[in-house]
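# What the coordinates show
One letter stands for each residue in the lines below.
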Amino acid sequence: MASVTYKNVVKKFGDSTAVDNINFHVEDKEFLVLVGPSGCGKTTALRLLAGLEEITGGEIQIGDRVVNDVAPKDRDIAMVFQSYALYPHLSVYDNMAFGLKLKKTPKDEIKRRVSEAAEVLGITDLLQRKPRQLSGGQRQRVAVGRAIVREPKVFLFDEPLSNLDAKLRVQMRAEISKLHQRLQTTFIYVTHDQVEAMTMATRIAVINRGKLQQIDSPQNLYDHPNNLFVAGFIGSPAMNFFPAKLRKDGAKLVVDSGDFVVALPADAAKKYEKYEGREVVFGIRPENIHDVHFTPPNIHGETISVKVDVTELMGNEIFLYLVNGKNTFVARVDPRSKMRVGEQAQVMFDMDHVHIFDAQTEEALH
């Protein structure tokens, strides 16, 4: 088993910088997810670790060994790609055994490893089939099985579920999480799907434009985003943002968006008082905006007037797309809400769960 360390890692393609001075450490047996929008550099960061791309600057360590100049086959890693890349003319057994045969592994050892991996993945009865006889989910299990039999120090996953349908993705997410618990090996997993990241990771590294934005546990990323990008990327539906100004109104510190004014609770006011007069971005998640008729008890609520633009009934909740002046935003409200399209209504902001960012730097204010 092994830890992984990125130290000042840079990767350039010509004049373009794909990975920009990234530093982080992955603990032994950890499940780290690299997440970010398409083209942000997360797959490149993974390929640098696998040895499939050459590092421009910095160093990568697996355990205590710097692997910059180590050939991919000698890094003791196994990678699962977005495409299953199975040999169509070989059986499932032979696909899983292929890498071991190349390494001249004894036949008995190959049989043991393939049988064990097939049992873990629930594909023992598929070992004699060809890939064309398998469903997408079964092919994905075979691709994972081919990685497991190598018994590597580190597993790398590059968007392995993006070719599957929604229901199967949920199922495979759970299976990969269980697999991690069972194998007790370091997993590094790349996805642009933040729901995958939130549900599977021990920690998440958020990347944008080649730069590491924040690395933390899923809950901390959600509750305490470092900047505007992380706040908007983690969470679905995304956090609502309003350009605003912090100002005093008598004894109260208020957020003034021009279209609405809401007062901060005393504790928050103390924290943000030093930023009075500052241009800010006010952020609040959809689940912290309530229909005034269904508000949780004991919150510091501030009421604003809205027009209901669109409603999406989800069964266990309702998404409301609301308009207030020049602002459009989303609320996630109680399914009993009677708010309907075209109505003028009132919603309540839970001011205990708001986020305030500097308008210039986009960093969270503390």
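Here's a quick rundown of the structure. Bear in mind that the values here come from a model prediction, so they are computed numbers and not experimental data.

### Some points on the sheet that holds strand β3 (residues 31-35)
Within the open sheet, the six strands sit side by side as β6-β7-β8-β3-β9-β10. Their pairing is mixed. The sheet is open, and its two borders are formed by β6 (77-80) and β10 (211-216), each paired with just one other strand. For this sheet, the mean inter-axis angle between neighbouring strands, taken without regard to orientation, is 15°.

### Concerning the pairing of strand β16 (residues 301-313)
Note: β16 against strand β19 (residues 344-350), seven bridges, orientation antiparallel. Opposite Ser305, over in β19, you have Gln346 as the bridge partner. Inspection of the sheet shows β16 paired to strand β17 (residues 318-324) by six bridges, in the antiparallel sense. Bridging from a neighbouring strand, Thr311 pairs with Leu320 of β17. Hairpin connection of β16 to β17: four residues between the antiparallel strands, including Gly315 at a positive phi of 95°.

### As for the packing of aromatic side chains
According to the stated counting rule, one finds 18 aromatic pairs in the structure shown. Considering the side-chain rings of Phe31 and Phe187, the 5.4 Å spacing of their centres and the 50° angle between planes classify their relative orientation as tilted. Highlighted residues: Phe31 in strand β3 and Phe187 in strand β8 (residues 186-191), separated in sequence by 156 residues. We note that Phe31, like Phe187, is buried. Ring pairing ties together the aromatic residues Phe31, Phe155, Phe157, Phe187 and Tyr189, which thus form one cluster. Its end group placed over the ring of Phe13, Lys11 keeps NZ or CZ at 4.8 Å from the ring centre. The side chain of Arg285 reaches across the aromatic face of Tyr222, ending 3.9 Å from its centre.

### Description of the side chain of Asp158
Counting through the fold element by element, Asp158 comes out in strand β7 (residues 154-158). Although Asp158 is buried, it makes no salt bridge; Arg47 carries the closest opposite charge, 5.8 Å away. At a separation of 3.0 Å, a polar atom in the side chain of Asp158 contacts the side chain of Thr43. Residue contacts for Asp158: discarding those within four places in its chain leaves Thr43, Leu46, Met79, Val80, Phe81, Gln82 and Val190.

Calculation notes
Residues numbered from 1 in each chain as written. Predicted model: local features only at pLDDT ≥ 70, side-chain atom pairs only at ≥ 80, totals over all residues. Heavy atoms only, no water. Pairing = 2+ DSSP bridges. Helix = DSSP H or I, 4+ residues; strand = E, 2+ residues; numbered from the N terminus. Axes fitted to C-alpha atoms, helices over the stretch in contact; angles between N-to-C directions. Phe/Tyr/Trp six-rings, centres within 6.5 Å; stacked < 30°, edge-to-face > 60°. Buried < 20%, exposed > 50% of the residue type's maximum accessible area, 1.4 Å probe, protein only. Lys NZ or Arg CZ within 6 Å of the ring centre and 35° of its normal. Lys, Arg positive; Asp, Glu negative; His and termini not counted. Salt bridge = Lys/Arg side-chain N within 4 Å of Asp/Glu carboxyl O. Polar contact = N/O pair within 3.5 Å; in protein donor to acceptor, adjacent residues only side chain to side chain. Contact = heavy atoms within 4.5 Å.

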